[in-house]
Amino acid sequence: MKPFHSMKDVESFEKLNVSYDRMIAWIGLEVKEEQKEMIAYLRKKGVMVMIAIAPSTDKLPTDIERARGYIQHLISRPDIIETDYPSQFINYK
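Please read these numbers as outputs of a predicted model, since none were measured by experiment.

S.K.: What should I look at first to understand the packing of aromatic side chains in this one?
M.R.: Describing an aromatic ring pair means giving the distance of the ring centres and the angle of the ring planes. Counted under the stated rule, the structure contains two aromatic pairs. An aromatic cluster is defined as three or more aromatic residues linked by ring pairs; in this entry it consists of Phe4, Phe13 and Tyr20.

Right under this line is the structure:
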């Protein structure tokens, strides 16, 4: 299945008459401003939205670049973040 990039993708999915129960919507590599309406719609339906950063932010060459990227993703508030380095999101204090 391809990611939901827009409301057009959501509308195509709805034509399949699949229940929103327990659904997770993959929306791509990041939360984009133009997706905010779609994300709000999906969340009203009880759907969590997920981004996948393993092929992008996880591949940045330095720890500081990855940390900056992770912070930006956290600020954008996806419900789920798919990453190769989940320990980078844990505060060890």
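The discussion continues.
S.K.: Sorry if this is basic, but what is going on with the sheet that holds strand β2 (residues 48-52) here?
M.R.: The strand order across the open sheet formed by three strands is β1-β2-β3, and the pairing between neighbours is parallel. With one partner strand each, in any of the chains shown, β1 (24-26) and β3 (80-82) form the two edges of the open sheet. With direction set aside, neighbouring strand axes in the sheet form an average angle of 30°. In terms of strand pairing, β2 meets β3 through three bridges, oriented parallel. Among the inter-strand pairings, Ile51 is bridged to a residue of β3, identified as Ile81.

Definitions and cut-offs
Residues numbered from 1 in each chain as written. Predicted model: local features only at pLDDT ≥ 70, side-chain atom pairs only at ≥ 80, totals over all residues. Heavy atoms only, no water. Phe/Tyr/Trp six-rings, centres within 6.5 Å; stacked < 30°, edge-to-face > 60°. Pairing = 2+ DSSP bridges. Helix = DSSP H or I, 4+ residues; strand = E, 2+ residues; numbered from the N terminus. Axes fitted to C-alpha atoms, helices over the stretch in contact; angles between N-to-C directions.

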